[in-house]
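Below are the chains, spelled out letter by letter.
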Amino acid sequence: DAMVIQNPRYQVTQFGKPVTLSCSQTLNHNVMYWYQQKSSQAPKLLFHYYDKDFNNEADTPDNFQSRRPNTSFCFLDIRSPGLGDAAMYLCATSRPAGPSTHNEQFFGPGTRLTVL
Amino acid sequence: AQKITQTQPGMFVQEKEAVTLDCTYDTSDQSYGLFWYKQPSSGEMIFLIYQGSYDEQNATEGRYSLNFQKARKSANLVISASQLGDSAMYFCAMREGNTGGFKTIFGAGTRLFVKA
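Note that the structure is predicted; figures quoted are calculated from it, not measured.

1. Some remarks on the overall build of chain B
The helix and strand tally for chain B stands at zero helices and twelve strands. Listing every helix and strand of chain B by position from the N terminus yields β-β-β-β-β-β-β-β-β-β-β-β. Relative to the globule expectation of 13 Å for 116 residues, the C-alpha radius of gyration of chain B, 14 Å, shows essentially globular dimensions. If you line up chain B on its principal axes, its C-alpha atoms span 45 × 30 × 20 Å. Within chain B, buried positions represent 50% of all 116 residues. Long-range contacts, defined here as pairs at least 24 residues apart, represent 54% of the contacts in chain B between residues at least 6 apart. If you average the places of the 11 positive and of the 11 negative side-chain charges in chain B, the two averages end up 4 Å apart.

This is the structure:
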């Protein structure tokens, strides 16, 4: 089945040790998103790609980087994880959408990051 | 200022009864889209229903309907005939016209508990 896959589902890293989370999709969607979601909070958009066009949110820390080598894959790199970066990281995809068009986002299962 | 407001942190409903989850939004755009997503304890966000700002009819998807009151800027989700599997976190979200069409802003969520 077409879907959004995130690996690993659970990631443990040490304070300051770089970590990479991966996302792949079989939906052939142009747009890919990375969200950070802390416990009992709304997902917070970190950045998104429209094809290879990268769009960073203004309040996303420089510690977070992303790569999209092709349509199917997108990576989230955390260069020096702090304790405050422990969260669920959600990857999502969508077709390009105007604001009032019905192009919902398809989410992966998320990667829960623990920072020791 | 909050763009999406969900005033009910938690809601209880008896199995087989209907429940309404509240959502109000704030935008100056004429063109926007409203979404509801469900997030079970497993973490994956599941799209439920969409309402475009120009849609005159309230959206319906199976047991889900969206009570769209444009003048009041509200987009409440109604779940009919609640099931135990409906117990989850529910997020209201909006995609605006002046943010490039891709950014979706989520509310804080409402946790729904369905009682047997």
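2. A few points about the packing of aromatic side chains
Using the criterion set out here, one finds 17 aromatic pairs over all chains in the structure. Residues Phe 64 of chain A and Tyr 89 of chain A carry aromatic rings whose centres are separated by 6.1 Å and whose planes lie at 40° to one another, so their mutual orientation is tilted. Taken as a pair, Phe 64 of chain A in strand β7 (residues 64-67) and Tyr 89 of chain A in strand β9 (residues 87-94) lie far apart in primary sequence, 25 residues in all. Of the two residues, Phe 64 of chain A and Tyr 89 of chain A, neither departs from the other in class, the shared state being buried. On the numbers, 6.2 Å between centres and 25° between planes, the contact of Phe 35 of chain B with Tyr 37 of chain B is stacked. In terms of burial, Phe 35 of chain B and Tyr 37 of chain B fall into one category: buried. Three or more aromatic residues joined by ring pairs form one cluster here, namely Tyr 33, Tyr 35 and Phe 107 of chain A together with Phe 35, Tyr 37, Phe 47, Tyr 50, Phe 91 and Phe 106 of chain B. Arg 63 of chain B extends its terminal NZ or CZ atom over the ring of Tyr 64 of chain B, reaching a point 5.7 Å from the ring centre.

3. Some points on the nonpolar core
Residues and elements named next belong to chain B. If you look at the biggest cluster of nonpolar residues, it comprises 25 residues, and the most contacted ones within it are Leu 21, Tyr 25, Trp 36, Ile 49, Leu 77, Tyr 90 and Leu 112. Of all the secondary structure elements, the ones that give two or more residues to this core are β2 (10-14), β3 (19-21), β5 (32-39), β6 (46-52), β8 (64-69), β9 (74-79), β10 (88-96) and β12 (110-115). By residue number, the principal contributor to this core is β10, which donates four residues. The residues contacting Ile 49, other than those within four sequence positions of it, are Leu 34, Phe 35, Trp 36, Ala 59, Thr 60, Glu 61, Tyr 64, Ser 65, Leu 66 and Leu 77.

4. Structural notes on the interface of chain B and chain A
Listed as interface residues are 25 residues of chain B and, on the opposing side, 28 residues of chain A. Both faces combined, the contact of chain B with chain A buries some 2100 Å², and carbon together with sulfur accounts for 57% of it. Along the contact surface separating chain B from chain A lie zero salt bridges. There are four residue pairs in polar contact (both at pLDDT 80 or more) connecting chain B and chain A. Where the side of chain B that touches chain A is concerned, the elements lending two or more residues are β5, β6, β10 and β11 (104-106) of chain B. Element by element, the count of residues in the side of chain B that touches chain A is highest for β5 of chain B, at five residues. Residue composition of the side of chain B that touches chain A, grouped by class: eleven nonpolar, ten polar and four charged.

5. A word on the environment of Met 11 of chain B
All names here are of chain B. Mapped onto the fold, Met 11 is located in strand β2. As for Met 11 and Gly 52, which are separated by 41 residues in sequence, their C-alpha atoms are 26 Å apart. Excluding residues that lie within four positions of it along the chain, Met 11 makes contacts with Val 19, Thr 20, Leu 21, Thr 110, Arg 111, Leu 112 and Phe 113.

6. Things to note about the sheet that holds strand β1 (residues 4-7) of chain A
All names here are of chain A. Sheet architecture is open: four strands sit in the order β1-β3-β8-β7, paired in antiparallel fashion. The sheet terminates laterally at β1 and β7, the two strands that pair on one side only. Taking the axes of each pair of neighbouring strands and ignoring which way they run, one obtains an average angle of 20° across the sheet. With four bridges connecting them, β7 and strand β8 (residues 73-78) associate as antiparallel partners. For Gln 65, the partnering residue across the bridge sits in β8 and is Asp 77.

Cut-offs used in this document
Residues numbered from 1 in each chain as written. Chains lettered and ligands numbered in written order. Predicted model: local features only at pLDDT ≥ 70, side-chain atom pairs only at ≥ 80, totals over all residues. Heavy atoms only, no water. Helix = DSSP H or I, 4+ residues; strand = E, 2+ residues; numbered from the N terminus. Rg over C-alpha atoms; globule rule 2.2 N^0.38 Å. Buried < 20%, exposed > 50% of the residue type's maximum accessible area, 1.4 Å probe, protein only. Contact = heavy atoms within 4.5 Å. Lys, Arg positive; Asp, Glu negative; His and termini not counted. Charge placed at Lys NZ, Arg CZ, Asp CG, Glu CD. Phe/Tyr/Trp six-rings, centres within 6.5 Å; stacked < 30°, edge-to-face > 60°. Lys NZ or Arg CZ within 6 Å of the ring centre and 35° of its normal. Core = buried A, V, L, I, M, F, W, Y, C linked by side-chain atoms within 4.5 Å. Buried area = accessible area lost by both parts, 1.4 Å probe. Salt bridge = Lys/Arg side-chain N within 4 Å of Asp/Glu carboxyl O. Polar contact = N/O pair within 3.5 Å; in protein donor to acceptor, adjacent residues only side chain to side chain. Nonpolar A, V, L, I, M, F, W, Y, C, P; charged D, E, K, R; others polar. Pairing = 2+ DSSP bridges. Axes fitted to C-alpha atoms, helices over the stretch in contact; angles between N-to-C directions.

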